[in-house]
Amino acid sequence: VEYAPVIEQEQTYIKTEAGEEIHVTCVVHAYPEPQVVWKKDGKSIGEQTNGFVINRSGDRHNLILLDVRKEFFGEYSCQARNDLGVARKSTQVSGDHTFYSELSAENPPNYPKLDIRNLYTKTLGEIVFAQEPLISEGEKSKLDDENM
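The text that follows walks through the structure, step by step, so that each part is easy to find. Since the model is a prediction, treat every value here as computed from it, not as a measurement.

## Quick word on the sheet that holds strand 4 (residues 35-40)
Logical step 1: Spatially, five strands are ordered 2-9-8-4-5 in an open sheet, and the strand pairing comes out mixed. In this open sheet, the two strands that pair with only one neighbour each are strand 2 (13-17) and strand 5 (43-45). Here the average twist between neighbouring strands, direction ignored, is 30 degrees.

## Observations concerning the pattern of salt bridges
Logical step 1: What the rule picks out here adds up to five salt bridges.
Logical step 2: For Glu 75, the salt bridge identified is with Arg 88, shortest N-O distance 3.4 Å. Residue Glu 75 is found in strand 8 (residues 74-82), and its partner Arg 88 is found in strand 9 (residues 85-96); the two are separated by 13 residues along the sequence.
Logical step 3: The partly exposed category is assigned to Glu 75, whose relative accessible area is 30%.
Logical step 4: Arg 88 sits in the partly exposed class, given a relative accessible area of 46%.

## Considerations on the pairing of strand 7 (residues 60-65)
Logical step 1: The element strand 7 is largely enclosed, with a buried count of five among its six residues.
Logical step 2: Note: strand 3 (residues 22-31) against strand 7, six bridges, orientation antiparallel. Each bridged residue has a counterpart across the sheet, and for Val 24 the counterpart in strand 7 is Leu 63.
Logical step 3: Summarising the sheet, strand 6 (residues 52-57) and strand 7 pair through six bridges and their orientation is antiparallel. Looking at the pairing, Val 53 lines up with Ile 64 of strand 7.
Logical step 4: The hairpin formed by strand 6 and strand 7 contains two residues between the paired strands, and Gly 58 there has a positive phi angle of roughly 65 degrees.

## Quick look at the side chain of Thr 91
Logical step 1: Here Thr 91 shows up in strand 9.
Logical step 2: According to the relative accessible area criterion, Thr 91 is buried, its value standing at 0%.
Logical step 3: Within the structure, Thr 91 has its side chain in polar contact with the backbone oxygen of Gln 11 (distance 2.7 Å).

## A word on the sheet that holds strand 6
Logical step 1: The antiparallel open sheet is built from four strands, whose spatial order is 1-3-7-6. Both outer strands of the open sheet, strand 1 (3-9) and strand 6, are each paired with one neighbouring strand and no more. The mean angle between the axes of side-by-side strands here comes to 20 degrees, regardless of whether they run parallel or antiparallel.

Calculation criteria
Residues numbered from 1 in each chain as written. Predicted model: local features only at pLDDT ≥ 70, side-chain atom pairs only at ≥ 80, totals over all residues. Heavy atoms only, no water. Pairing = 2+ DSSP bridges. Helix = DSSP H or I, 4+ residues; strand = E, 2+ residues; numbered from the N terminus. Axes fitted to C-alpha atoms, helices over the stretch in contact; angles between N-to-C directions. Salt bridge = Lys/Arg side-chain N within 4 Å of Asp/Glu carboxyl O. Buried < 20%, exposed > 50% of the residue type's maximum accessible area, 1.4 Å probe, protein only. Polar contact = N/O pair within 3.5 Å; in protein donor to acceptor, adjacent residues only side chain to side chain.

Structure (structure tokens):
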């Protein structure tokens, strides 16, 4: 029996954070087999589009957003077409992009410098935590000079 495409959508709204990987999935039923096209905000996403992977397993068609950035937020749709008709379903992707923008190359993370040489020492396989520095200031400056 031949029939026009019918699409089952797993999620219609995805909220995510920048830097995450998300999967938009459409399950497409049709005969004859349909052609499935993915779009973002009405523009086609090709197999070679950076940041995306398109794959299929049986009736499951997946669009994988590899490393979500602010510009990835929007409406994603899968469209299935065969000789008997066309079906289309959409998923809205939104979220928080501040984490990503704070870690951009222009604003690298600023971690405090931590020198743990004076915090512990090993003796006979046990870790002994020290309250006071284990090396003198002279030895410390000598070690600092060697590490530069």
